[in-house]
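One-letter residues, chain by chain:
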Amino acid sequence: MAGRGTVKPHSGFNANDDAEVLYKAMKGLGTDEAAILQLLTARSNAQRQEIKAAYKTLHGKDLVDNLKSELGGKFESLIVALMIPPIMYDVKCLRDAIKGAGTDEKVLVEILASRSPNEVSQIKKHNDDLEEDVCGDTGGHFQRMLVVLLQVCSKFVYALFAAGEQKFGTDEGQFITILGNRSNAHLRKVFEEYRKLSGYEIEESIQRETSGTLQEVLLAVVKCARSVPGYFADSLYSAMKGAGTDDKTLIRIMASRSEVDMLDIRAEFRKRFATSLHKMIQGDTSGDYRKALLLLCGGDDA
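Predicted model only: the values in this text are computed from it and were never measured.

Here is what the cut-offs are and how they apply
The numbering scheme is per chain: residues are counted from 1 as the chain's sequence reads. Given that this is a predicted model, residues contribute local features only at a pLDDT of at least 70 and side-chain atom pairs are listed and counted only at 80 or more, while totals for whole chains, interfaces and linings are drawn from all residues. The side-chain figures draw on all heavy atoms in the structure; neither hydrogens nor water molecules are used. Numbering of helices and strands starts at the N terminus; helices are DSSP runs of H or I of at least 4 residues and strands are runs of E of at least 2. A 1.4 Å probe rolled over the protein chains alone gives each residue an accessible area, and that area as a share of the maximum for its type sets the label: buried under 20%, exposed over 50%, partly exposed in between. The contact criterion used is simple: two residues touch if any of their non-hydrogen atoms lie within 4.5 Å. To be clear on the numbers: accessible area is Shrake-Rupley with a 1.4 Å probe, and residue cover counts the displayed protein chains and nothing else. This arc is built from the directions going out from the helix axis to the C-beta atoms. Buried residues of nine kinds, namely Ala, Val, Leu, Ile, Met, Phe, Trp, Tyr and Cys, make up a nonpolar core once their side-chain atoms join them within 4.5 Å. Pairing of aromatic rings covers Phe, Tyr and the six-membered ring of Trp, with a centre-to-centre limit of 6.5 Å; geometry is then stacked below 30 degrees between planes, edge-to-face above 60, and tilted otherwise. Look at NZ for Lys and CZ for Arg. If either is within 6 Å of the ring centre and within 35 degrees of the ring normal, a charge sits over the ring. With axes taken as lines fitted to C-alpha atoms, and helix axes fitted only over the stretch in contact, angles between N-to-C directions fall between 0 and 180 degrees. Angles are sorted into four bins: roughly parallel if under 35 degrees, roughly antiparallel if over 145, roughly perpendicular if 65 to 115, and oblique for all others. Here is the rule for handedness: rotate from the far helix to the near one, and if that takes an anticlockwise turn smaller than a right angle the crossing is left-handed, while a clockwise turn gives right-handed. Polar here means any residue other than Ala, Val, Leu, Ile, Met, Phe, Trp, Tyr, Cys and Pro, which are nonpolar, and Asp, Glu, Lys and Arg, which are charged; Gly is therefore polar. Throughout this description, a polar contact denotes any pair of N or O atoms lying within 3.5 Å of each other; where both atoms belong to protein, one of them has to be capable of donating a hydrogen while the other can accept it, and for residues adjacent in sequence the pair is counted only when both atoms sit in side chains. One speaks of a salt bridge when a side-chain nitrogen belonging to Lys or Arg is within 4 Å of a carboxyl oxygen belonging to Asp or Glu. The pLDDT value tells you how sure the predictor is about a given residue, anywhere from 0 up to 100. We treat Lys and Arg as the positive residues and Asp and Glu as the negative residues; His and chain ends play no part in the count.

1. Structural notes on the overall build of the protein chain
- Helices and strands together make up the secondary structure of the protein chain, namely 20 helices and zero strands.
- The proportion of buried residues among the 302 residues of the protein chain is 49%.
- Restricting the contact set of the protein chain to residue pairs at least 6 apart, pairs at least 24 apart contribute 70%.
- With an accessible surface of roughly 13700 Å², the protein chain has 50% of that area assigned to carbon and sulfur atoms.

As structure tokens, this is what we get:
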């Protein structure tokens, strides 16, 4: 997966020079948004952290605070997201999803189902209360599934079959244990065996045997096991189709996947839908926000 992003480290990178460009773009009256978006979308996250440090050294100011005071709206949210180290960005998104009235379950499912076991343990390291927060904020089987995803290990197919199709009533605990304790390659084998054994795709069984938010999280885990880029292509399409745009989802995915697998997400998007990701972003957004998103998208697969 490494190297499948559209954003790569900039060759000939100089943190001090970049810090100066950004300082000039924000100094005095008016802001040069074009200079800011062109520079930051063309640097890797690690390079942005170096620019942030250089900016502080050279100007004694916090770059992110300055960006927040100079920019606004969705464009500001996107640029600020790009400035946060990846694991810390996941932690922030999870915290935001849990805090306040009501939980944004979609964010919990997206992050915990799509990240690797190693990434999940790093997220936990940076947020000791995460399991506690998830338990406090979600209920029943859904909560158990998320906690299992946070704990990360490995099991198999006969138990899965026995849990679902082979008997009347569903042992949801078994579905949760097996799908939650996973490596994607292992799960793909499990699904294949399950199909041979039961005659059903695992998705059909989950749809038949479970419901509500638990069903959503189990299906998300299965989608991610089959193809993480495919899962994100579907999520991006859902965020933009029809009237209105789910900008939070659009920003979260474009910011977090631009260095990871955006090329694969674009390819999956084109395969699944009658348009390209580039065209859909173009038709759904505007202004500097659109320009920055299109640079992160990195090209049109028309």
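2. Details of helix α14 (residues 202-209)
- Residues of α14 that are buried: I202, S205, I206 and E209. Along α14, the residues classed as buried sweep out an arc of 100 degrees about the axis, all on the same side.

3. Examining the nonpolar core
- Of all hydrophobic cores here, the largest spans 80 residues; its most connected members are L22, L67, L236, M254 and L277.
- With nine residues, the top contributor of residues to this core is helix α15 (residues 212-226).
- Ignoring any residue separated from it by four or fewer positions in sequence, one finds L277 in contact with L236, M240, M254, M262, R266, F269 and C297.

4. Considerations on the packing of aromatic side chains
- On inspection of all chains with the given rule, the structure shows five aromatic pairs.
- Following the ring pairs from residue to residue traces out a cluster consisting of Y237, F269 and F273.
- For R208, the ring lying beneath its charged end belongs to Y200, and the centroid distance is 4.2 Å.

5. Overview of the packing of helix α7 (residues 105-114) against helix α17 (residues 247-257)
- Between α7 and α17, the shortest axis-to-axis distance is 12 Å and the interhelical angle comes to 15 degrees. Compared by their axis directions, α7 and α17 come out roughly parallel. As α7 packs across α17, the resulting crossing turns out to be right-handed. Here K106, V107 and E110 of α7 lie close against α17, whose contacting residues are T249, R252 and I253.
- Here the contact of α7 with α17 is built from residues that sort into two nonpolar, one polar and three charged.

6. Some points on the side chain of N66
- Along the polypeptide, N66 turns up in helix α4 (residues 63-70).
- Among the residues examined, N66 registers a relative accessible area of 18% and is labelled buried.
- Within polar-contact distance, the side chain of N66 engages the side chain of Y55 at 2.7 Å.
- For N66, the contacting residues outside a window of four places in its chain are M26, Y55 and K61.

7. Observations regarding the environment of L250
- Relative to the assigned elements, L250 resides in helix α17.
- For the pair formed by L250 and L78, sequence separation is 172 residues and the distance between their alpha carbons is 9.2 Å.
- Apart from the residues lying within four places of it in its own chain, the contact partners of L250 are L236, M240, T245, T285, Y289 and L293.

8. Observations regarding the pattern of salt bridges
- Applying the stated rule across the entire model yields 20 salt bridges.
- Note that E268 and R272 form a salt bridge whose closest N and O atoms lie 3.0 Å from each other. Of this pair, E268 and R272 both sit in helix α18 (residues 262-272), four residues apart, which is roughly one turn of that helix.
- Its relative accessible area of 15% is what places E268 among the buried residues.
- The salt bridge partner of K291 is D288, with a shortest N-O separation of 3.7 Å. Taken together, the positions of K291 and D288, both in helix α20 (residues 287-297) and three residues apart, correspond to about one turn of that helix.
- Exposure remark for D288: the relative accessible area of 23% places this residue in the partly exposed category.
- Through salt bridges with shared partners, one network takes in E192, R195, E201, E203 and R226.

9. Quick word on α20
- Turning to α20, its buried residues number three or more, namely Y289, A292, L293, L294, L296 and C297.
- On its buried face, α20 is in contact with α2 (33-40), α5 (73-82), α17, α18 and α19 (277-284).
- G298, located one to two residues past α20, shows a positive phi value of around 80 degrees.

10. Re the confidence of the model for the protein chain
- Residues of the protein chain with pLDDT of at least 70 account for 82%, and the chain-wide mean is 85.
- Below pLDDT 50 for its whole length, residues 149-158 participates in 30 contacts with residues either more than four positions away or in separate chains.

11. Observations regarding the side chain of R48
- Tracing the backbone through its elements, the reader meets R48 in helix α3 (residues 45-59).
- Buried and unpaired, R48 has E259 as its nearest opposite-charge partner, separated by 4.2 Å.
- Here R43 takes part through its backbone oxygen, which lies 2.8 Å from a polar atom of the side chain of R48.
- Residues within four places of R48 in sequence aside, it is in contact with V7, L40, R43, L82, M83 and E259.

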